[in-house]
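Structural overview for review
Take a look at the letters that make up each chain.
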Amino acid sequence: MNSKDNKDLWQSVLAQVQFAVSRANFATWFRNTEIISNQNGKVLISVPNSFSKEWLSNKYHSLILKILRSLDKNIRMIEFVVKSEAPQLIKRKRAPQKKEIINNSQLQFVEFKIDQKTNLNPRYTFENFVVGGFNELAHAAAWAISENPGTTYNPLFIYGGVGLGKTHLLQATGNRIVNLFPNKRVKYTPSETFISGIVESIRNHKIEEFKKELRKIDILIMDDVQFFAGKEKTQEEFFHIFNSFYQAQKQIILSSDRPPNAIPALEERLKSRFEGGMIADIGVPDFETRVAILKAKCEERNINLNQDILEYIATNIQRNIREMEGALNRLAIYQKINQKEPDFEVAKKLLRNLVLSPKKSTSFKQILRIVSAFYDLSEKDLLLPTRRKEIVKPRQIAMYLLREELKESYPAIGRRFQGKDHTTAIYAYEKIAKQLEEDDNLLTEITLIKQRLYNNNSS
Ligand code: ADP
Ligand code: MG
């Protein structure tokens with residue numbers, strides 16, 4: 001086959017792939033790909049770099065093969081090869097043309113208006129949500145619900161660390177439901193707003209009206225329900241609202257920074273309601289996915305940055321997508337002002353104080369603060385020489401982290417806790433380490449705590 005045939009064939013494949021994957025994923029993974037040969041049933045597809053190669057082989061191999069075979073029965077296998085020369089990298093290094101810069105500034109100032117009725121921000125869609133192993137399940141569940149609200153899983157409970165896409169996914173689900181079911185009344189509510197609404201309406205003796213208004217809604221999206229911790233009145237009212245929604249087969253979608261069983265001071269009956277539908281977590285994206293997200297964001301905002309810079313950001317900001325966006329913003333502003341792309345050295349300077357040191361470190365004070373906040377204890381409680389169950393476990397976790405993250409010696413760890421010595425520290429470390437191997441809940445809790453330890457936003 002000649003190169004024109006290959007080109008046409010690949011165009012037909014891409015046309016179909018486009019329907020099967022989201023726009024963000026399409027733009028990220030299928031750009032700069034082409035068929036370089038089609039011989040003896042084997043198709044060679046060139047891809048720009050090894051990430052693309054790995055990702056395409058893992059995720060899209062069978063999709064591409066299926067489509068190719070439907071177009072040409074002789075094709076039996078495909079292989080991805082990294083283009084030895086990467087002309088698009090060279091191209092990217094040129095200064096952006098004037099026109100692009102104008103587009104860029106226009107794009108940046110597109111204002112997204114929050115819808116008064118639904119409280120949804122149209123900026124958050126499935127189209128611009130990148131999917132990878134870290135959020136696959138949550139994405140699939142949210143997508144399924146948007147097709148069939150109320151009947152698939154109720155509630156849907158999504159949890160994960162700060163800046164990793166919970167609000168985006170919740171709002172994307174709401175936006176899609178509004179599109180598919182214009183008659184359904186969707187409402188997005190941050191938990192803090194709900195809590196203050198309850199407090200306010202109790203004070204004004206308007207709680208019945210408050211609840212009546214809520215019952216008019218068909219789809220209730222409640223963001224960050226970890227803030228319900230310890231708020232008894234809120235929990236009680238929410239319990240009744242939850243039940244009325246559930247019985248009427250109205251969809252409830254919840255998010256939290258941790259799973260229901262790790263929310264402190266949450267009534268048992270609410271906990272079991274939260275656990276009664278589908279629970280999906282969002283983890284931390286791996287390096288390849290972080291690069292993919294950065295690429296998608298550049299694409300969306302029409303920024304040109306070369307691969308080195310993207311990899312630099314992905315290497316140095318690991319646990320928070322919002323922070324990665326902050327880094328891109330800074331570079332975009334430079335590009336706008338100077339009418340040229342920052343080179344690697346300039347980018348590194350611009351990002352210096354976002355990136356801090358490549359290996360962010362933590363400290364005893366931070367571990368103490370974050371562990372006690374996580375378990376809703378005071379820092380003083382955690383240091384007390386008590387055997388109370390609700391304190392013993394968090395204290396052992398703090399000791400475990402001092403050893404694991406700061407490499408402190410056992411005697412030093414013992415001294416930090418009143419009346420404890422090295423044997424207690426060893427016991428604590430070994431107990432938690434062993435339990436981690438068999439207890440998924442504990443693993444989740446410690447993962448979330450570590451995310452906070454190394455996350456700028458929450459420290
Ligand atoms: P959270 O609610 O978990 O703290 P957000 O949903 O506010 O996090 O996400 C933080 C930022 O990162 C947002 O600007 C969001 O658009 C972006 N973001 C998060 N996850 C993704 C993703 N998978 N693809 C693209 N952008 C994402
Ligand atoms: Mg959020």
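Residues numbered from 1 in each chain as written. Chains lettered and ligands numbered in written order. Predicted model: local features only at pLDDT ≥ 70, side-chain atom pairs only at ≥ 80, totals over all residues. Heavy atoms only, no water.

**Quick word on the overall build of the protein**
Stated precisely, the cut-off is as follows: What counts as a helix is a DSSP run of H or I of at least four residues, what counts as a strand is a run of E of at least two, and both are numbered from the N terminus. Two residues qualify as a contact provided that any one of their heavy atoms is within 4.5 Å of a heavy atom in the partner residue. To measure how exposed things are, a 1.4 Å probe is used in the Shrake-Rupley method; for residues, cover is taken only from the protein chains shown. Under this rule, positive means Lys or Arg and negative means Asp or Glu; His and the chain ends count for nothing. Charged side chains are reduced to one point each, which is NZ for Lys, CZ for Arg, CG for Asp and CD for Glu.
Counting its regular elements, the protein contains 22 helices and eight strands. Taking the principal axes of the C-alpha coordinates as reference, the protein spans close to 75 × 60 × 50 Å. Once local pairs closer than 6 in sequence are excluded, the contacts in the protein between residues at least 24 apart make up 73%. For the protein, the accessible surface area stands at approximately 23100 Å², while carbon and sulfur atoms represent 50% of it. Within the protein, the 54 negative side-chain charges are centred at a point lying 3 Å from the centre of the 70 positive side-chain charges.

**A few points about the side chain of T386**
We apply this condition: Definition of a polar contact: a pair of N or O atoms within 3.5 Å, with one able to donate and the other able to accept a hydrogen when the atoms are protein atoms, and with sequence-neighbouring residues admitted only if both atoms are side-chain atoms.
Tracing the backbone shows T386 in the loop between helix 18 (379–383) and helix 19 (389–406). Here the side chain of T386 touches R388 through a polar contact of 2.9 Å, landing on its backbone nitrogen. With sequence-adjacent residues up to four places away left out, T386 is seen in contact with I391, V392 and R395.

**Looking at the packing of helix 21 (residues 422–438) against helix 22 (residues 440–453)**
Filter applied, for reference: Think of each axis as a best-fit line through the C-alpha atoms, taken over the contacting stretch in the case of a helix, with angles from 0 to 180 degrees between the N-to-C directions. Angle categories: roughly parallel below 35 degrees, roughly antiparallel above 145, roughly perpendicular from 65 to 115, and oblique for all the rest. With the far helix as reference, a near helix turned anticlockwise by less than a right angle produces a left-handed crossing, and one turned clockwise produces a right-handed crossing.
The geometry of helix 21 relative to helix 22 is characterised by a closest axis approach of 6 Å and an angle of 115 degrees between their N-to-C directions. Our classification of the angle between helix 21 and helix 22 gives roughly perpendicular. With respect to the hand of their crossing, helix 21 and helix 22 are arranged in left-handed fashion. Residues I432, Q435, L436 and E438 of helix 21 touch helix 22, and the partners they reach there are D440, L442, L443 and I446.

**Looking at the sheet that holds strand 2 (residues 42–47)**
For the record, the criterion: One requirement defines pairing of two strands: DSSP has to find at least two bridges between them.
Spatially, the three strands line up as an open sheet ordered 1-2-3, and their pairing is mixed. Two strands close off the open sheet at either side, each with one partner strand: strand 1 (34–39) and strand 3 (77–82). Each strand axis lies, on average, 25 degrees off the axis of its neighbour in the sheet, ignoring direction. When strand 1 meets strand 2, the two strands line up antiparallel, connected through five bridges. Following the sheet pairing, Q39 is matched in strand 2 by K42. Contacts from helix 1 (residues 3–20) reach strand 1 and strand 2 within the one sheet, and its direction differs from that of strand 1 by about 115 degrees.

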